[in-house]
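Next come the chains, spelled out residue by residue.
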Amino acid sequence: MSGFLEIRGLSARLAGTGQRLLRSVDISLPAGSVRGLVGESGAGKSMIGKAVLGVLPKAVEIVEGEILLDEQDLLKVPPAERRRLIGAKAALIPQDPLTALNPSRRIGPQITDRLVDILGWEKARAASRALEVLVEVSIPEPERVMRLYPHELSGGMRQRILIASAFAAEPKLIVADEPTTALDVTVQKQILKLISQLQARHGTALLFVTHDLGVVSKVCDTLSVLYAGKVVEDTTVQRFFAAPQHPYSQALLAATPRHTDPAASLQPVPQAVIDAAMAEVAADDAAWRPQGGAHG
Amino acid sequence: MLLLRLTLSRLLTTLITLVGVAVIVFVVIRVVPGNPIAMMLPPGASAADIDRLKALYGLDKSIAEQFLIWFGNVLHGDFGTSITTRQPVLSLVLDRLPATLELSIMALVIAVIIGVTLAILGTRLRGRKAEAGIDVANGIGLSVPDFLWGLALILLFGVIWPVFQISGRVSPRLELPFTSQFYLFESIVRLRFDLTADLLSHMFMPALALALPLAAIISQLLKQSLKETVNLDYSVLARTKGYSETRVILSEALPNSILPTLTLVGVQFTFLIGGTIIVERLFSYEGLGNMAIDAVINRDLPLIQGIVILFAILFTFVNLAVDMTYAFLNPKLRHA
Ligand SMILES: Nc1ncnc2c1ncn2[C@@H]1O[C@H](COP(=O)(O)OP(=O)(O)OP(=O)(O)O)[C@@H](O)[C@H]1O
Ligand SMILES: [Mg+2]
């Protein structure tokens, strides 16, 4: 079965030092399903999201692999076409709503711009679609909000707007990069529920980057555990929580406090597990021979 | 509301500044060596003659007394009489002001066009050789002062490839139908584009000489700011929507980078106006700056005072205008 998003053997490295950031990553995401991307800070979760959306930092180069979006290899199409393809079929829900909206532009155009400029919709149709999605994310007085500037809205409201903006063009894939970490704890739950609802209603495939295994258990169908840019476990959420296979996954799960027992303290990942995972990655590096040159 | 409060407080500080400038100028030009009376009388004039003339111009009184008299008159709109031309200072100065304003604004427009274009280009081509080229151009623009640009331009466009006028404001043989001193503006309004062309041909080199250092500053500051802004989250988000790099620079980054650049450009624009003094002289352009040099050479104290006060008013006005524009362009202040 081929997913709407298929990442195959994707390797990336830093242009200057040659340090490997992604190690033959394979990720398959069928249409309408949700995959969690977990791993410690610096594991490369965001890097995968950025690669899919074509916004890798200049310093990062893709060495090999394929990113198939709707059966087209993004790394093989010319840049201008790739941008349009991604803009039409995928969208991002960013991490920090305070910095992801342009402070000098009104809300309305920041939702409708993609519809008008990239998808060629008429302005009136784009505006009514924007109102529609703003209602869907429970923004009060959407007509008024469209005329406001970002600084006139709270963080929670802004994240709702960014979610609305992501769903506005009915993309088949949404990448959500820790969409709740920048928010108040009280708002986090609402936003999570909102994303989950919209995803189910629209049948969007969702790549959900997070630290939080609790979130994964609520939102995701499948899960990729990342360590140092390598997928160490690719499994369903059910199987992961029942019996994680990889030692690193087991340690990660053990490190997560159960919601039933809030008093339980966070267990650090044991050093032995980290050493083992490092050794595995090192062995992998030793065996790795890049094929051909860098793509796009 | 905020805008109003800002304006009022700025007007007050402006007034205080102007009085301060008036005092300093008044004292300084009377303390530095050089005697206006000596310049007016033939050699060998009697001491009695000198005293009579001194009394006529009020130069026999103490500096404090002179200042109070002058300041009282100024409050009534009387800036005194030029010693050399024996005409009212106010009308002399106001007659020349439009020429300098037109030149400065033209220079500002050129600087903004060149600076913004280079900044956008440099940002679009960041990390490539072309960006390094723009950096070098900025470096040269910053390190060569306006009057040296003037000399270089005279050599280039006046001597080697003589396509522009190198002297004056307008060709003397032309009949001028103008009723104001805003020649360029009037020539456009009256649709006399033949005159516009002649005026521009005269204005081009001094304006460009004044513009180049400012263009380099704008280019450097704006590019630096743009390069930061294109990596911010909202710019990245715009890229995921399908926008091209150029579009991201123009519609996401530029509106946010213009604001911090604007304040500095305001300050630099006052330097540009100061630069007209030498550059107008260089191109024999009949503006305030050129007049200022004549006034200093002739020790024409009332005229010097008048010109300096006018320049000071001009500077504070520019700063005020920049602050207002900033407040107006900034959504956060506009809605406060
Ligand atoms: N702009 C960049 N230039 C160079 N290296 C980078 C850049 N951004 C990230 N990296 C490196 O790439 C690696 C993966 O980073 P990434 O942002 O994907 O981590 P992450 O898993 O999302 O972590 P976090 O949970 O902290 O967001 C890290 O080692 C990081 O240092
Ligand atoms: Mg991240």
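What you are looking at is a predicted structure, and each value in this text was computed from that prediction instead of being measured.

Residues and elements named next belong to chain B. Taken together, the side chains of V19, V23, I24, V27, V28, V31, V32 and I63 present a nonpolar region at the surface, about 610 Å² in accessible area. Looking at the nonpolar patch element by element, the count peaks at 6 residues for helix α1 (residues 2-31). As for its placement among the helices and strands, I24 is situated in helix α1. Accessibility expressed as a relative area gives 56% for I24, which makes it exposed.

This next bit is on the interface of chain B and chain A. Taken together, the contact pairs 20 residues of chain B with 27 residues of chain A. Carbon and sulfur atoms supply 54% of the area buried between chain B and chain A, which totals about 2100 Å² over both sides. The interface formed by chain B and chain A holds 3 salt bridges in total. Two residues, R105 of chain A and E252 of chain B, come together in a salt bridge whose shortest N-O distance is 2.6 Å. Our count for the chain B to chain A interface comes out at 12 residue pairs in polar contact (both at pLDDT 80 or more). Of all elements in the fold, only α10 (233-240), α11 (245-282) and α14 (331-334) of chain B reach the threshold of two or more residues within the side of chain B that touches chain A.

To find the voids left in a structure, one rolls a probe of water-molecule size over its atoms. Counted according to the given criterion, the structure contains 1 cavity of 30 Å³ or more. Among the residues forming the lining of the largest cavity, the class breakdown is 4 nonpolar, 1 polar and 4 charged.

All names here are of chain A. If you check the backbone angles, S24 has positive phi at about 45° while not being a glycine. Mapping S24 onto the fold places it in strand β2 (residues 20-29). For E170, which is not a glycine, the phi torsion comes out positive at approximately 50°. Along the chain, the position of E170 falls in the loop between α6 (155-168) and β7 (173-177).

Residues and elements named next belong to chain B. By domain assignment, chain B separates into domain 1 (1-84 + 302-336) and domain 2 (93-297). Centre-to-centre, using C-alpha coordinates, domain 1 lies 28 Å away from domain 2. Facing 16 residues of domain 1, the contacting portion of domain 2 comprises 21 residues. Counting across the domain 1 and domain 2 interface gives 0 salt bridges. Taken together, domain 1 and domain 2 are joined by 0 residue pairs in polar contact (both at pLDDT 80 or more). No other element matches helix α13 (residues 301-329), which puts 14 residues into the side of domain 1 that touches domain 2.

Okay, the UniProt feature "domain: ABC transmembrane type-1" (unreviewed entry) in chain B next. Here the UniProt-annotated "domain: ABC transmembrane type-1" (unreviewed entry) positions come out as residues 97-326 of chain B. Secondary structure content for residues 97-326 of chain B is 80% helix and 0% strand, while the C-alpha to C-alpha distance between its ends is 26 Å.

This brings us to the packing of aromatic side chains. Each pair of aromatic rings is reported with the distance of its centres and the angle of its planes. Taken as a whole and assessed by the stated rule, the structure comprises 13 aromatic pairs over all chains. Between F67 of chain B and W70 of chain B the ring centres are 6.0 Å apart and the planes differ by 45°, which places this aromatic pair in the tilted class. With F67 of chain B and W70 of chain B both in helix α4 (residues 63-75), this residue pair falls 3 residues apart, about one helical turn. Neither residue differs from the other here; F67 of chain B and W70 of chain B are each classed as buried. Taken together, a centroid distance of 5.8 Å and an interplanar angle of 45° make the contact between F157 of chain B and W161 of chain B tilted. Overall, the relative accessible area of 53% leaves W161 of chain B in the exposed class. Among the aromatic residues, those joined into a ring-pair cluster are F26, F67, W70, F71 and F79 of chain B. Here R125 of chain A stacks its cationic end above the ring of W121 of chain A, 3.7 Å away from the centre of that ring.

Residue and element names in this part refer to chain A. With their axes 9 Å apart at the nearest point, helix α4 (residues 123-136) and α6 run at an angle of 130° to one another. With respect to their mutual orientation, α4 and α6 come out oblique. Crossing hand, α4 versus α6: right-handed. Taking contact as the criterion, the partners of R129, V133 and L134 in α4 are, on α6, I161, A164, F167 and A168.

Quick look at the site of ligand 1 now. All names here are of chain A. In the vicinity of ligand 1 lie 13 residues, with S41, G42, K45, S46 and M47 positioned nearest. Within the backbone of G42, an N or O atom sits 2.8 Å from an oxygen atom of ligand 1. A distance of 2.8 Å separates an oxygen atom of ligand 1 from a polar backbone atom of M47. Burial of ligand 1 by the protein chains amounts to 66% of its free accessible area of 630 Å². A total of 3 residues in the shell around ligand 1 trace back to one element, the largest contributor, which is helix α1 (residues 45-53). Here the residues of the shell around ligand 1 sort into 5 nonpolar, 5 polar and 3 charged.

The strands making up a sheet associate through backbone hydrogen bonding, with each pair oriented either parallel or antiparallel. All names here are of chain A. Here we have 6 strands laid out as an open sheet, ordered β6-β7-β8-β3-β9-β10, and mixed in their pairing. Because the sheet does not close on itself, it has two edges, and the strands there are β6 (90-93) and β10 (230-236). Going from strand to strand, the sheet's axes swing by 15° on average, the running direction of each strand aside. Here β6 runs beside β7; their pairing, made up of 4 bridges, is parallel. Counted as the bridge partner of A91 is I174 from β7. Across the sheet, helix α10 (residues 247-255) touches β3 (34-38), β9 (222-227) and β10, and the angle it forms with β9 is around 105°.

On to the packing of helix α5 (residues 89-124) of chain B against helix α6 (residues 129-143) of chain B, then. Residues and elements named next belong to chain B. It is at 8 Å that the axes of α5 and α6 come closest, and there the two elements cross at 150°. When the interaxial angle is binned, α5 and α6 end up roughly antiparallel. Judged by the sense of rotation from one axis to the other, the crossing of α5 with α6 is left-handed. Here L118, L121 and G122 of α5 come into contact with α6, specifically with E131, I134 and N138. Classifying every residue of the contact of α5 with α6 gives 3 nonpolar, 2 polar and 1 charged.

The rules behind the values
Residues numbered from 1 in each chain as written. Chains lettered and ligands numbered in written order. Predicted model: local features only at pLDDT ≥ 70, side-chain atom pairs only at ≥ 80, totals over all residues. Heavy atoms only, no water. Patch = residues over 30% accessible without salt bridge, like charges linked within 9 Å, V, L, I, M, F, W, Y side chains within 5 Å. Areas by Shrake-Rupley, 256 points an atom, 1.4 Å probe, with all protein chains shown as cover. Salt bridge = Lys/Arg side-chain N within 4 Å of Asp/Glu carboxyl O. Helix = DSSP H or I, 4+ residues; strand = E, 2+ residues; numbered from the N terminus. Buried < 20%, exposed > 50% of the residue type's maximum accessible area, 1.4 Å probe, protein only. Contact = heavy atoms within 4.5 Å. Buried area = accessible area lost by both parts, 1.4 Å probe. Polar contact = N/O pair within 3.5 Å; in protein donor to acceptor, adjacent residues only side chain to side chain. 1 Å grid on protein atoms, 1.4 Å probe; cavity = no way out; pocket = protein on both sides within 12 Å on 5 of 7 lines; lining within 4 Å. Points joined across faces, edges and corners; volume = space filled by probe spheres on them. Nonpolar A, V, L, I, M, F, W, Y, C, P; charged D, E, K, R; others polar. Domains from an automatic or database assignment. UniProt positions renumbered as here; feature names shortened; annotations may be inferred. Phe/Tyr/Trp six-rings, centres within 6.5 Å; stacked < 30°, edge-to-face > 60°. Lys NZ or Arg CZ within 6 Å of the ring centre and 35° of its normal. Axes fitted to C-alpha atoms, helices over the stretch in contact; angles between N-to-C directions. Parallel < 35°, antiparallel > 145°, perpendicular 65-115°, else oblique. Left-handed = near helix turned anticlockwise from the far one by under 90°. Near = heavy atom within 4 Å. Pairing = 2+ DSSP bridges.

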